[in-house]
Amino acid sequence: MESSCFFKIVTSTNDLPSDWNALATSNIFLSKEYLAVLEQSKPTNMDCFFISLYKSDKLVGIALAQFLDLNKLESFGERDKCVKTAVRNFIFKNFCSHVLFIGNNMLTGQNAFSFSNEIDIEKGVELVRQAELEIKLILKKRGKKVHLTTYKDFDKTEINHFPEKEFEPFYQFSTQPNMVFKVSENWLSFDDYIASLSKKYRDQYKRCRKKAEGIEKRKMNLEEIIAQEETIYELYFHVAKNAPFNTFFLAKNHFSVMKLQLKDKFLFYGYFENEKLIGFNTLIKNGSQMDTYFLGYDETIQREKMLYLNMLYDMIAYSINKGFKEIIFARTALEIKSSVGAKPEEMVGYIQHSNGLINRKMEQLFCYLEPETEWKERNPFK
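A brief look at the structure comes next.

1. Describing the overall build of the chain
Looking only at helices and strands, the chain features 14 helices and 15 strands. Taken over the C-alpha atoms alone, the chain extends approximately 65 × 50 × 45 Å along its principal axes. Within the span of the chain, comprising 382 residues, buried residues form 55% of the whole. Residue pairs in contact within the chain that sit at least 24 positions apart in sequence constitute 75% of those at least 6 positions apart. Surface accessibility of the chain: about 17700 Å² in total, with carbon and sulfur atoms responsible for 50%. For the chain, the distance from the average site of its 53 positive side-chain charges to the average site of its 51 negative ones is 3 Å.

Structural data, given as structure tokens:
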């Protein structure tokens, strides 16, 4: 590492350098505003570290790290009651409960770092790796030993920039894909998208819309989000705890803090039946890209009204009509997302265990850490 390069680690956004946002222009999830959301409403089992990278006193890179203490979780996910789940929970509690993520465990995609042109990527990643080791020392002083370290959600080209020597002790893994919906240049409106569907999927769309008759969708402002905070959290928590696997649960005030910090870049849509909130979804405008965020619903109504599928169509409609180039649908419910036109993009990461003996068995251990999902890819277009 050349002597003119160094890093600084802080835990408060108030201590970030004034020019931090200049390096976050292409990714809202590294902006001061979004990091302030993490600071003010992060999950109770998470600590965040903000890393500034310098070359001769000039800011050339920014990065995010998150430490999760999984012992503080009451549930790792309640959907799969089986021996494999029990084994996984045992492994987690005893060997993997302290996890350091370089990146953002609450999102899908490369939200770990951003570098300026004044530092090459390999050098930047090397510097982030040095910062990661420093964070482990900080945590050790607090009496917290990191079991697992993971760099998550890079595509194939990005992972090639990771210096081999630095990442030799890590196991390279591939997770469930990120579902990405690319908006065709031929679609000037949502109607063009519907017209491009094959008959089977156009019928699916019509059936889905018919089921949702009587449900009113409303864009909600900050005051409305705050007024419905309890219900919103119940709807979110219902969906989250039924996921096959969890490493965190959002704080109750998370959505109101998001709205407060990100303003019109954060969209919150409530779905009402007879004036009662029965579901919601959220979107984040991230440059020319639309990121889907958390959602929630009442399961009984969701099934009957095809609420989730209706939400997907609504997100697509908004994104096409507003000129966004792609929608990041993330990595749950892969099959239903593929049925509306999202395509899987492989994500690669690195993982290392602090215990050398366990680390050598990382390949076998990983299948317990990452629940496998079997799904069939669909193609809804003509």
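Now that the structure has been shown, we can carry on.
2. Quick look at helix α14 (residues 362-369)
Every buried residue of α14 is listed here: M362, L365, F366 and L369. Down the axis of α14, the buried side of the element spans an arc of 110°, and every buried residue falls inside it.

3. Quick look at the pairing of strand β11 (residues 276-286)
Of all the 11 residues making up β11, 9 are buried; the element is thus mostly covered by neighbouring parts of the structure. The pairing of strand β10 (residues 266-273) with β11 spans 8 bridges and is classified as antiparallel. From the neighbouring strand, F266 faces β11, where its bridge partner is I284. Joining the antiparallel neighbours β10 and β11 is a turn of 2 residues, in which N274 adopts a positive phi near 50°. In the sheet, β11 pairs with strand β12 (residues 289-297) via 7 bridges, with the strands oriented antiparallel. In the strand pairing of β12, N281 is matched with L295.

4. Things to note about the packing of helix α6 (residues 199-211) against helix α11 (residues 307-321)
For the pair α6 and α11, interaxial distance at closest approach is 9 Å and the crossing angle is 110°. One way to sum up the angle between α6 and α11 is to call them roughly perpendicular. Like other packed secondary-structure pairs, α6 and α11 cross with a definite hand, here left-handed. When α6 is examined against α11, the residues Y201, Q204, Y205, C208 and R209 are found in contact with a partner set consisting of L309, N310, Y313 and D314. A breakdown of the residues in the contact of α6 with α11 according to their chemical character gives 5 nonpolar, 2 polar and 2 charged.

5. Focus: the pattern of salt bridges
Where charged atoms from two side chains of opposite charge approach closely, those side chains can pair. Tallying each qualifying case throughout the model produces 20 salt bridges. Note that R129 is salt-bridged to E166, the shortest N-O span being 3.9 Å. With R129 in helix α3 (residues 121-141) and E166 in the loop between α4 (156-159) and β7 (171-174), this residue pair connects regions lying 37 residues apart in the sequence. Exposure remark for E166: the relative accessible area of 16% places this residue in the buried category. Put simply, D314 and R209 hold a salt bridge, and the shortest N to O gap is 2.8 Å.

6. A few points about the nonpolar core
Nonpolar side chains tend toward joint burial in soluble globular proteins. If you look at the biggest cluster of nonpolar residues, it comprises 56 residues, and the most contacted ones within it are Y34, Y236, F255 and Y293. Broken down by element, the residue count for this core peaks at 5 residues, all from helix α8 (residues 229-241). Counting residues in each nonpolar core, the second largest holds 39 residues, with Y193, I301, M311 and I327 among its members.

7. With respect to the packing of aromatic side chains
This structure, assessed with the given rule, holds 38 aromatic pairs. An angle of 50° between the planes, with centres 4.9 Å apart, marks the rings of F237 and F249 as tilted. Remark: F249 occurs in the loop between α8 and α9 (254-262) and F237 occurs in helix α8; sequence separation between them is 12 residues. Judged by its relative accessible area of 22%, F237 falls in the partly exposed class. Considering the side-chain rings of F268 and F280, the 5.0 Å spacing of their centres and the 10° angle between planes classify their relative orientation as stacked. Here F280 lies in strand β11 and F268 lies in strand β10, a separation of 12 residues in the sequence. Overall, F280 belongs to the buried group, its relative accessible area being 0%. By way of ring pairs, the aromatic residues Y233, Y236, F237, F248, F249, F255, F266, F268, F280, Y293 and F294 are connected into one cluster. Positioned above the aromatic ring of Y54 is the side chain of K8, whose terminal nitrogen or guanidinium carbon lies 5.2 Å from the ring centre. Here the basic side chain of R218 rests over the ring of F272, its NZ or CZ set 4.0 Å away from the ring centre.

8. Comments concerning the layout of surface pockets
The space that makes up the second largest pocket amounts to roughly 720 Å³. As for the second largest pocket, its lining consists of 30 residues, and the residues nearest its centre are N27, G109, Q110, E158 and Q289. Secondary-structure elements contributing two or more residues to the lining of the second largest pocket are β5 (113-115), α3, α4, β8 (178-182), β12 and β13 (326-330). Top contributing element to the lining of the second largest pocket by residue count: β5, with 3 residues. Of the residues that constitute the lining of the second largest pocket, the class distribution is 10 nonpolar, 13 polar and 7 charged.

Definitions and limits used
Residues numbered from 1 in each chain as written. Predicted model: local features only at pLDDT ≥ 70, side-chain atom pairs only at ≥ 80, totals over all residues. Heavy atoms only, no water. Helix = DSSP H or I, 4+ residues; strand = E, 2+ residues; numbered from the N terminus. Buried < 20%, exposed > 50% of the residue type's maximum accessible area, 1.4 Å probe, protein only. Contact = heavy atoms within 4.5 Å. Areas by Shrake-Rupley, 256 points an atom, 1.4 Å probe, with all protein chains shown as cover. Lys, Arg positive; Asp, Glu negative; His and termini not counted. Charge placed at Lys NZ, Arg CZ, Asp CG, Glu CD. Arc of directions from axis to C-beta. Pairing = 2+ DSSP bridges. Axes fitted to C-alpha atoms, helices over the stretch in contact; angles between N-to-C directions. Parallel < 35°, antiparallel > 145°, perpendicular 65-115°, else oblique. Left-handed = near helix turned anticlockwise from the far one by under 90°. Nonpolar A, V, L, I, M, F, W, Y, C, P; charged D, E, K, R; others polar. Salt bridge = Lys/Arg side-chain N within 4 Å of Asp/Glu carboxyl O. Core = buried A, V, L, I, M, F, W, Y, C linked by side-chain atoms within 4.5 Å. Phe/Tyr/Trp six-rings, centres within 6.5 Å; stacked < 30°, edge-to-face > 60°. Lys NZ or Arg CZ within 6 Å of the ring centre and 35° of its normal. 1 Å grid on protein atoms, 1.4 Å probe; cavity = no way out; pocket = protein on both sides within 12 Å on 5 of 7 lines; lining within 4 Å. Points joined across faces, edges and corners; volume = space filled by probe spheres on them.

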